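Chain and residue survey
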Amino acid sequence: MADVIDLALRAVGQILLVGLVLGAGIPVLFSAGIRAMAYGAGGDAETSHAPGHPVGKVLAVVCFAVVVLVVATGITFIVASGFGKTLSFEHVVPTIADE
């Protein structure tokens, strides 16, 4: 009986971790991209005419690229499971495989 409870608690912990990473982590990464874009535009562009920072622009592009990659992978997972396939990460790049 203790093994079943231990297994259930581990499963709940894994679900909580994935929920926090995907449910809160991706929006935080998107907001960091917005903030980096503002930094790349020169900060408060309406009151000062400071030049933009190229580091902010690059960081914003990286943040947005990661968000788009995660969303595309999620959509691919949903579509693949709808067709009775699985999404495999064996060789780092996600591939659709038969079950």
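Everything that follows concerns the structure shown earlier in this document.
Fair warning: this is a prediction, and the values are worked out from it, not measured in the lab. (Residues numbered from 1 in each chain as written. Predicted model: local features only at pLDDT ≥ 70, side-chain atom pairs only at ≥ 80, totals over all residues. Heavy atoms only, no water.)

At a minimum axis separation of 7 Å, helix α1 (residues 2-40) and helix α2 (residues 54-82) run at an interaxial angle of 155 degrees. The pairing of α1 with α2 is recorded here as roughly antiparallel in orientation. Seen from above, α1 lies across α2 with left-handed handedness. Listed contacts from α2 to Leu22, Ile26, Leu29, Phe30, Ala32, Gly33, Ile34, Ala36, Met37, Tyr39 and Gly40 of α1 are Gly56, Lys57, Leu59, Ala60, Cys63, Phe64, Val66, Val67 and Val70. Of the residues assigned to the contact of α1 with α2, the class counts are 16 nonpolar, three polar and one charged. (Axes fitted to C-alpha atoms, helices over the stretch in contact; angles between N-to-C directions. Helix = DSSP H or I, 4+ residues; strand = E, 2+ residues; numbered from the N terminus. Parallel < 35°, antiparallel > 145°, perpendicular 65-115°, else oblique. Left-handed = near helix turned anticlockwise from the far one by under 90°. Contact = heavy atoms within 4.5 Å. Nonpolar A, V, L, I, M, F, W, Y, C, P; charged D, E, K, R; others polar.)

A cluster of nonpolar side chains, contributed by Leu17, Val18, Val21 and Leu22, occupies part of the molecular surface with about 370 Å² of accessible area. Note that leucine 22 resides in helix α1. Residue classification places leucine 22 among the partly exposed residues on the basis of a relative accessible area of 47%. (Patch = residues over 30% accessible without salt bridge, like charges linked within 9 Å, V, L, I, M, F, W, Y side chains within 5 Å. Areas by Shrake-Rupley, 256 points an atom, 1.4 Å probe, with all protein chains shown as cover. Salt bridge = Lys/Arg side-chain N within 4 Å of Asp/Glu carboxyl O. Buried < 20%, exposed > 50% of the residue type's maximum accessible area, 1.4 Å probe, protein only.)

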